[in-house]
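Listed below, chain by chain, are the residues.
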Amino acid sequence: MGKVIKTDAALILELRGLIEQARQHVAQMANSTLTMLHWQLGQRIYREILAGQRAGYGEEILPTLSAKLVPEYGKGFSARNLARMIKFAEAFPDEQIVASLSRQLSWSHFVEILPLKQPLEREFYAEMCRIECWSVRTLRERIGGQMYLRTAISKKSEAVVQAEISHLRGGGQMTPDMVFRDPYMLDFLGLPDGYSERDLESAILREMERFLLELGAGFTFVARQKRISVDSDDFYLDLLFYHRHLRRLVAVELKLERFVPAHKGQMELYLRWLDKYDRSPGEESPIGLILCASAKAEQVELMDLGAANIRVAEYLAHIPDMALLRRELHRAVELARERAASGQLPHTPETEGERE
């Protein structure tokens with residue numbers, strides 16, 4: 001048989017694909033090389049400044065270095081940018097980690113991350129940016145929306161946060177603590193005063209793309225009002241999602257009121273049904289997210305919801321002053337870490353058999 005000749009249109013399409021793929025690879029390599037250059041320059045200057053052994057040495061040397069480099073290599077080597085490179089080398093001292101991150105993150109990504117004061121916060125955003133392939137704009141929005149402080153992992157001890165980030169960096173699977181947030185920002189839904197649960201659900205479905213962005217990468221919408229049939233009774237789960245990183249179904253219940261213990265029992269029923277009838281081979285057990293208007297931290301903690309694969313989070317239909325929200329989130333993180341450090345963990349009562 002003769003060789004099949006492709007049409008001109010198909011051939012052109014294939015050639016364009018090869019060209020675009022090569023261009024993307026070249027651009028990625030250029031970005032990575034530039035980022036590593038900035039790190040190496042920052043490290044070298046940093047060592048020189050430390051070796052100066054006198055106050056103000058950095059302020060003197062940077063303009064001098066810049067005056068030599070800018071005429072030859074351009075404004076990218078201004079005194080301000082050289083200072084950023086030094087900060088870059090200080091904030092990310094491990095060359096291997098920087099080399100790995102630079103395959104996904106450009107210098108512009110690092111410029112957004114460097115002003116963050118907490119090392120773990122910087123590492124968190126860098127790693128999430130690598131995994132979820134954020135654009136610079138998306139990274140800026142995530143930082144502006146206080147994503148780290150709203151993510152469950154931020155309320156753990158620093159040792160746990162560091163271990164989690166190192167686990168991801170080594171190719172490990174993302175855990176629920178890195179996925180779920182509290183609170184969720186739902187101001188984009190444009191809900192009127194006095195809205196109902198059905199209004200909230202309908203608004204989410206109408207703005208599903210933006211809702212998925214707020215939930216985070218990896219979520220896929222599966223169903224609304226999922227029917228759960230138990231004996232002769234029918235129950236309806238508000239929203240059902242699948243998370244590809246966690247490899248599990250995520251059941252979401254919407255509550256206009258504050259969280260109450262009865263919500264746990266309802267969600268447990270849904271999760272057990274999904275685990276029995278909807279869970280596919282190779283998937284992890286389903287996990288539940290109860291989105292409510294408010295929740296009391298101690299009440300949620302005492303119920304040990306984590307053992308039942310249930311998360312509780314508040315949602316904000318209208319965003320308050322961001323400075324106030326930032327202070328409240330910082331305080332919530334501090335309180336959670338204080339409770340963990342003092343051993344105030346949920347108490348599990350003994351059963352009659354255990355007492356005997």
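You'll find the structure just up there.
Rules and cut-offs
Residues numbered from 1 in each chain as written. Predicted model: local features only at pLDDT ≥ 70, side-chain atom pairs only at ≥ 80, totals over all residues. Heavy atoms only, no water. Salt bridge = Lys/Arg side-chain N within 4 Å of Asp/Glu carboxyl O. Helix = DSSP H or I, 4+ residues; strand = E, 2+ residues; numbered from the N terminus. Buried < 20%, exposed > 50% of the residue type's maximum accessible area, 1.4 Å probe, protein only. Patch = residues over 30% accessible without salt bridge, like charges linked within 9 Å, V, L, I, M, F, W, Y side chains within 5 Å. Areas by Shrake-Rupley, 256 points an atom, 1.4 Å probe, with all protein chains shown as cover. Axes fitted to C-alpha atoms, helices over the stretch in contact; angles between N-to-C directions. Parallel < 35°, antiparallel > 145°, perpendicular 65-115°, else oblique. Left-handed = near helix turned anticlockwise from the far one by under 90°. Contact = heavy atoms within 4.5 Å. Nonpolar A, V, L, I, M, F, W, Y, C, P; charged D, E, K, R; others polar. Arc of directions from axis to C-beta. Pairing = 2+ DSSP bridges. Core = buried A, V, L, I, M, F, W, Y, C linked by side-chain atoms within 4.5 Å. Right-handed = clockwise from strand over helix to strand, strands pointing away. Disulfide = S-S within 2.5 Å.

What follows covers the pattern of salt bridges. A full pass over the atoms with the stated rule returns 13 salt bridges. A salt bridge links Arg-169 to Glu-127; the shortest N-O distance between them is 3.8 Å. In this pair, Arg-169 is assigned in helix H9 (residues 158–169) and Glu-127 in helix H6 (residues 119–132), connecting sequence segments 42 residues apart. The exposure class of Glu-127 is buried, given its relative accessible area of 1%.

Together, Leu-11, Ile-12, Leu-15 and Leu-18 make up an exposed nonpolar region whose accessible area comes to about 330 Å². Of note, Leu-18 is situated in helix H1 (residues 8–52). Of the residues examined, Leu-18 reaches a relative accessible area of 49% and is grouped as partly exposed.

Attention now goes to the packing of H6 against H9. Between H6 and H9, the least distance of the axes is 10 Å, while the angle of their chain directions is 25°. Taken as axis vectors, H6 and H9 run roughly parallel relative to one another. Judged by the sense of rotation from one axis to the other, the crossing of H6 with H9 is left-handed. Contact with H6, carried on its side by Leu-120, Glu-123, Phe-124, Glu-127, Arg-130 and Ile-131, involves Glu-158, Val-161, Gln-162, Ile-165, Leu-168 and Arg-169 of H9 and no other residues of that element. Its residues assigned to classes, the contact of H6 with H9 shows 6 nonpolar, 1 polar and 5 charged.

We now examine helix H12 (residues 208–215). Turning to H12, its buried residues number three or more, namely Met-208, Phe-211, Glu-214 and Leu-215. Buried residues in H12, looked at end-on, bunch into an arc of 115°, giving them a common side.

As summarised here, the arrangement of the 6 strands in space is E1-E6-E5-E4-E3-E2, forming an open sheet in which the pairing is mixed. Of all the strands in the sheet, just strand E1 (184–185) and strand E2 (219–230) have a single pairing partner and so form its edges. Here strand E5 (residues 287–294) pairs with strand E6 (residues 310–316) via 5 bridges, running parallel. Counted as the bridge partner of Leu-289 is Arg-311 from E6. Across the sheet, helix H11 (residues 197–206) touches E2, strand E3 (233–243), strand E4 (248–258) and E6, and the angle it forms with E4 is around 140°. Sheet contacts for helix H13 (residues 262–277): E2, E3, E4, E5 and E6; angle to E4, the most-contacted strand, approximately 160°.

Formed by 72 residues in total, the largest nonpolar core has its most connected members in Phe-92 and Tyr-125. Leave out the neighbours within four places in its chain, and Tyr-125 touches Ile-113, Leu-116, Trp-134, Leu-139, Arg-142, Ile-143, Gln-146, Met-147 and Tyr-148. In terms of nonpolar packing, the next biggest core, distinct from the first, is built from 19 residues, Leu-237, Leu-274, Ile-290 and Leu-305 among them.

Attention now moves to the pairing of E3. Within a regular strand, side chains alternate between the sheet's two faces. Where E2 and E3 come together, 10 bridges link them in antiparallel fashion. When the sheet's bridge partners are listed, Phe-219 is paired in E3 with His-243. Counting the residues in the hairpin turn of E2 and E3 gives 2 residues, including Asp-231, whose phi is positive at 55°. As paired elements, E3 and E4 share 5 bridges and run antiparallel to each other. Considered in E4, the bridge of Leu-239 is made with Val-252.

Each neighbour pair has its own omega, and for Asp-182 with Pro-183 the value is 0°, a cis peptide bond. Looking at the secondary structure, you find Pro-183 in the loop between helix H10 (176–179) and E1. At Cys-133, a position not held by glycine, the phi torsion is positive, near 55°. Looking at the secondary structure, you find Cys-133 in the loop between H6 and helix H7 (136–144). Unusually for a residue other than glycine, Asn-309 sits at a positive phi of about 60°. Relative to the elements of secondary structure, Asn-309 occurs in the loop between helix H14 (297–302) and E6.

Counting buried positions over the 7 residues of E6 gives 5, a clear majority of the element. Note that E1 and E6 share 2 bridges and pair parallel. Bridge pairing in E6 places Met-185 opposite Leu-316. Handedness of the crossover joining E5 and E6 through H14: right-handed.

Quick look at the state of the cysteines now. In the structure shown here, the tally under the stated rule is 0 disulfides. The cysteine Cys-133 is free of any disulfide, with Cys-129 supplying the nearest cysteine sulfur at 8.2 Å.

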